[in-house]
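Analysis of the macromolecular model
If you want the building blocks of each chain, they are given just below.
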Amino acid sequence: MTDAKQIIDETVKANDVVLYMKGTKSMPQCGFSSKVAGVLNYMGVDYADVNVLADENIRQGIKEYSDWPTIPQLYVKGEFVGGCDIITEMTLSGELDQLFDENSVTYDKDAAEKIREANS
């Protein structure tokens, strides 16, 4: 498991935004992963996607790395942000925009606003 944690740590630190998910950003394999990837894709965020279904060690390792039991998991600038429910809440409240702004992550502000309008 040490190798998996090292790989995870390197991936999280080497990319501004990383989504550990079931499937890929172009082909999510579960509804929760699809929802988070959909938000990031719609907002035009450049992010690395890691398919936990491709490697059981990574799938288990990410849960231990974050001390968070579920997938997907979003990381911004090396910090764990949350899973599907947290990302959804942050998107709707504008907190995700704030987090991206604070960390110089490029995203489409108009798209973020459209998501909020559609869900109000």
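These numbers come from a predicted model, not from an experiment.

What counts and what doesn't
- Residues numbered from 1 in each chain as written.
- Predicted model: local features only at pLDDT ≥ 70, side-chain atom pairs only at ≥ 80, totals over all residues.
- Heavy atoms only, no water.
- Helix = DSSP H or I, 4+ residues; strand = E, 2+ residues; numbered from the N terminus.
- Buried < 20%, exposed > 50% of the residue type's maximum accessible area, 1.4 Å probe, protein only.
- Polar contact = N/O pair within 3.5 Å; in protein donor to acceptor, adjacent residues only side chain to side chain.
- Arc of directions from axis to C-beta.
- Contact = heavy atoms within 4.5 Å.
- Pairing = 2+ DSSP bridges.
- Axes fitted to C-alpha atoms, helices over the stretch in contact; angles between N-to-C directions.
- Parallel < 35°, antiparallel > 145°, perpendicular 65-115°, else oblique.
- Nonpolar A, V, L, I, M, F, W, Y, C, P; charged D, E, K, R; others polar.

Along the chain, K109 falls in helix α6 (residues 109-118). Using a relative accessible area of 48% as the deciding quantity, one classes K109 as partly exposed. Residues K109 and E64, spaced 45 residues apart in sequence, show a C-alpha to C-alpha distance of 33 Å. Among the polar contacts listed, one links the side chain of K109 to the side chain of D101, at a separation of 3.1 Å.

What follows is about helix α5 (residues 95-102). Regarding α5, the residues found buried are L96, D97, L99 and F100. Along α5, the residues classed as buried sweep out an arc of 160° about the axis, all on the same side.

Taken together, the buried positions of α6 are occupied by A111, A112, I115 and R116. The buried residues of α6 occupy one face: seen down the axis, they fall within an arc of 145°. Facing away from the buried side of α6 by more than 90 degrees, the exposed set consists of D110, E117 and A118. Buried residues in α6 make contact with α2 (31-42), α4 (84-93) and α5.

The next subject is the sheet that holds strand β1 (residues 17-21). What the four strands build is an open sheet, ordered β2-β1-β3-β4; its pairing is mixed. Strand pairing shows two members of the sheet lacking a second neighbour, β2 (48-51) and β4 (79-82), which therefore form its edges. Within the sheet, the average angular offset between the axes of one strand and its neighbour, ignoring direction, is 25°. Sheet topology note: the strand β3 (residues 73-76)/β4 ladder contains three bridges and is antiparallel. Each bridged residue has a counterpart across the sheet, and for Y75 the counterpart in β4 is F80.

Bringing the packing of α4 against α5 into the picture now. Following both chains from N to C, one finds α4 and α5 inclined at 85°, their axes separated by 5 Å at the closest point. In terms of orientation, α4 and α5 fall into the roughly perpendicular class. Where α4 abuts α5, its residues I87, M90, T91 and S93 lie against E95, L96, D97 and L99. Taken together, the residues of the contact of α4 with α5 break down into four nonpolar, two polar and two charged.

Note that all results are geometric; they support no functional claim without further evidence.
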